[in-house]
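A look at the structure
This is what each chain is made of:
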Amino acid sequence: MIQSFRVKNILSIRDEQVLNFVTTSDDTYEDICLVNKGSVRLQKLNLIYGANASGKSNVLIALSWLLRFIIGKIDKEDGSYMMLAPFLLDDKSREEPTEMGLVFWVGDVKCEYSVSILKDVVQYEKMVHYPLGRAALIYERRWNRETTSSEITIGSTLKVLAKQKYVLEGQVLPYLTVLGAYKKSNIERINLFEDLYAYFSDQFLPILARDSEMVDFANKMVKKFPEVKAFITKILQLADFNISDIVLKEEIKEIPEEIWREIQQIPSLAANMPERTVTEDRLYFEHTTPNHTEELLYNNESVGTNRMYGLAAYLFFLIIDNEIMLADEIESSLHYDLLRYFISLFLMNSDGGQIICSTHSILLLDEPFVRRDSIHICRKSANGNTEVVRASDFGLRKDVSILNAYREGKLGGMPKLGGLVL
């Protein structure tokens, strides 16, 4: 689980902002909303509110980027590298480094990661953990401007050989992290590095944006795991979609003539020309009425049906594997009752999964299971930079409706609209 995320000088975020998921002493719905980790309690559900263009999405984009960057999934060598821009609305920030930090738990062990990046060069990077309650260095990396190379210090408890460290330093390029370089290196296995890499590779679901290919993700999971199909079918039935089964069919398609001619002109493919036909999975939903059963292609269904199909796949891994889900505008295309039902299913049935999402669905603020310390509000300052404030920090009395306080503008994060007469 993630305990906190801090970020500075990236996109619309100029000054350091923090998402803190450690709970207050509030005991509201603690049996379903909280997870104990060491001496702290962490939120399973975390909601980010704010007006359009307040920076909600940017906070999630920065977090998602960092999770991939840590393990080298954003890399110049394979063409996927793209450093997120610094804050550009003043001359000073664009010349300063971007800084990010993450406190997270691998099982029952707390870990901390921090990084500083300036103009595509990692200036500083550090990973520590607390296996016995005290900080122990895993690795630290500093950029040497004189030698234009990185110097790495490995924690003494890891017992890394000098040869391993030498090879690793040779692989750590200016824009590549230590864990990313380790995975590319042909060196002996370092168990703790393997565990950390597996955590960031396996613990986080693909970020769920409004244009995410949720159906494709769900199809892959349904095809790979029979239990996922059974789970999704049950969720769709419980959610009253009149769907009795999910059917994936492999269908052969021929590449259109115009595109096929272009492919044939590619010199690098001349010796090994691909097949003109391709096989793809086509999703059908089976509907059963008292008098008839019919399979309907997924694109003949409503956007909300397909959205819930994808969310159900995410829900499986949130509950069964305690994975972490980042979602931008989680309520998109869903009736409010379906959104509420999805969140309730997650809270009631998961032991350690986590949802971090932005939303415009203010009705959630009035739900009893949405705790004040699980709400973050993004506000845009006069200088155009994003500020993040936790709802519990406003000190509102328990008998004050957080929904009404938000709607009345007492918490910020609401659009400032002009008059109606043009």
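Keep in mind the model is a prediction, meaning the values are calculated, not measured.

Another aspect to go through is the sheet that holds strand β1 (residues 2-8). Taking strand neighbours across the sheet as the criterion, the seven strands line up as β2-β1-β6-β7-β8-β9-β10 in an open arrangement whose pairing is antiparallel. With partners counted over all chains shown, the strands left at the sheet margins are β2 (17-20) and β10 (149-154), one partner each. The mean inter-strand angle of the sheet, taken between neighbouring strand axes irrespective of direction, is 10°. Where β1 lies against strand β6 (residues 98-106), six bridges are found, and the strand directions are antiparallel. Note that in β6 the partner of Arg6 across the bridge is Gly101. Seen against the sheet, helix α2 (residues 56-70) touches β1, β2, β6, β7 (109-118) and β8 (121-129) and runs at an angle of roughly 70° to β6.

Under the defined criterion, the tally for this structure stands at 15 aromatic pairs. Ring geometry for Tyr199 and Phe200: centres 5.1 Å apart, planes at 85°, overall edge-to-face. Phe200 matches Tyr199 in its accessibility class, with the two residues each being buried. Aromatic side chains Phe200 and Phe204 sit 6.1 Å apart centroid to centroid with 10° between the ring planes, which places their arrangement in the stacked category. Phe204 shares its class with Phe200; the two are buried. Each residue in the set Phe217, Phe225, Phe231, Tyr314, Phe316 and Phe317 is aromatic and connected to the rest through ring pairs, giving one cluster. Directly above the aromatic system of Phe346 lies the positively charged group of Lys44, at a separation of 5.5 Å from the ring centroid.

Moving on, we get to the pairing of strand β13 (residues 293-297). With five bridges joining them, strand β12 (residues 277-288) and β13 adopt antiparallel strand pairing. Note that in β13 the partner of Tyr284 across the bridge is Leu297. If you look at the hairpin formed by β12 and β13, you'll find four residues sitting between the two strands.

Here strand β4 (residues 40-43) shows a buried face lined by Val40 and Leu42 and a second buried face lined by Arg41 and Gln43. Two strands pair when backbone bridges link them, and strand β3 (residues 34-37) and β4 are joined in this way by four bridges, in the antiparallel orientation. Paired with Val35 across the bridge in β4 is Leu42. Where β3 folds back on β4, the antiparallel hairpin that results is connected by two residues, among which Gly38 adopts a positive phi of roughly 60°.

Rules and cut-offs
- Residues numbered from 1 in each chain as written.
- Predicted model: local features only at pLDDT ≥ 70, side-chain atom pairs only at ≥ 80, totals over all residues.
- Heavy atoms only, no water.
- Pairing = 2+ DSSP bridges.
- Helix = DSSP H or I, 4+ residues; strand = E, 2+ residues; numbered from the N terminus.
- Axes fitted to C-alpha atoms, helices over the stretch in contact; angles between N-to-C directions.
- Contact = heavy atoms within 4.5 Å.
- Phe/Tyr/Trp six-rings, centres within 6.5 Å; stacked < 30°, edge-to-face > 60°.
- Buried < 20%, exposed > 50% of the residue type's maximum accessible area, 1.4 Å probe, protein only.
- Lys NZ or Arg CZ within 6 Å of the ring centre and 35° of its normal.

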